[in-house]
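# Coordinate analysis (summary)
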Amino acid sequence: MIYDYTLKTGKGGELNLKDYTGKVILVVNTATGCGFTPQYAPIEQLYRDYHDKGLEIVDIPCNQFGGQAPGSDDDIHEFCTVHYNTTFPQMKKADVNGANELPLYTYLKSQKGFEGFQEHQYKALLEKMFSEADPDWASKPDIKWNFTKFIIDRQGNVVARFEPTADMADVEACVKALL
């Protein structure tokens with residue numbers, strides 16, 4: 001259950017996901033130097049539009065994809081607040097795949113695996129890069145890139161996974177339907 005997990009915040013505290021019981025939660029792995037980094041803006045807009053209605057956002061910076069989240073937790077937080085005026089909680093930088101992945105991500109991936117990239121300007125590039133590295137990449141539930149989003153409903157169920165290529169309007173529609 002999603003409420004069994006605790007995360008370290010970028011400021012050194014702890015976030016117990018049990019505190020979000022009854023809320024809709026968007027969990028996203030982020031990076032500050034990625035082609036998808038501008039998604040911080042619509043994610044922040046979602047937070048501003050729907051936080052009072054029960055949306056929580058859990059931002060987990062991750063440096064596993066192209067080294068695109070360099071710097072300390074403070075550096076990342078400063079970048080996000082200066083460039084995107086983010087106000088949602090930001091966690092400590094962490095891994096989302098592999099031996100050191102957050103247990104939360106082990107759970108999320110077990111609930112919603114990879115189902116393919118949506119049409120996007122980066123779709124062909126991503127598919128080519130992954131297929132060259134691993135012919136079975138598409139059958140694995142691993143997080144493929146920065147800005148993969150999981151949506152959890154008010155009962156704690158993982159109901160959707162959106163790859164970074166997903167239209168943010170689709171993410172918003174999913175969130176709105178659950179609020």
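Here's what I pulled together on the structure shown here. (Residues numbered from 1 in each chain as written. Predicted model: local features only at pLDDT ≥ 70, side-chain atom pairs only at ≥ 80, totals over all residues. Heavy atoms only, no water.)

### Some thoughts on the layout of surface pockets
One way to see where empty space is left: roll a probe the size of a water molecule over the atoms. Roughly 180 Å³ of volume is contained in the largest pocket. Every residue lining the largest pocket is listed: F65, N97, M129, F130, A133, D134, W137, K140, D142, I143, K144 and W145. Taken together, the residues that form the lining of the largest pocket break down as seven nonpolar, one polar and four charged. (1 Å grid on protein atoms, 1.4 Å probe; cavity = no way out; pocket = protein on both sides within 12 Å on 5 of 7 lines; lining within 4 Å. Points joined across faces, edges and corners; volume = space filled by probe spheres on them. Nonpolar A, V, L, I, M, F, W, Y, C, P; charged D, E, K, R; others polar.)

### Let's talk about the packing of aromatic side chains
As enumerated under the stated definition, the model contains 14 aromatic pairs in all. Measuring from ring centre to ring centre gives 5.9 Å for F117 and W137, while their planes differ by 25°; the resulting arrangement is stacked. Here F117, found in the loop between α3 (103-111) and α4 (123-133), pairs with W137, found in the loop between α4 and β5 (149-152); they are 20 residues apart in sequence, far enough to count as distant. Of the two residues, F117 and W137, both sit in the buried class. Here F130 and W145 contribute two aromatic rings whose centre-to-centre distance is 6.2 Å and whose plane-to-plane angle is 65°, an arrangement assigned as edge-to-face. In this pair, F130 sits in helix α4 while W145 sits in the loop between α4 and β5, placing the two residues 15 residues apart along the sequence. Looking at F130, the relative accessible area reads 13%, which means it is buried. For W145, a relative accessible area of 13% translates into the label buried. Aromatic rings pair up to connect F65, F114, F117, F130, W137 and W145 into one cluster. (Phe/Tyr/Trp six-rings, centres within 6.5 Å; stacked < 30°, edge-to-face > 60°. Helix = DSSP H or I, 4+ residues; strand = E, 2+ residues; numbered from the N terminus. Buried < 20%, exposed > 50% of the residue type's maximum accessible area, 1.4 Å probe, protein only.)

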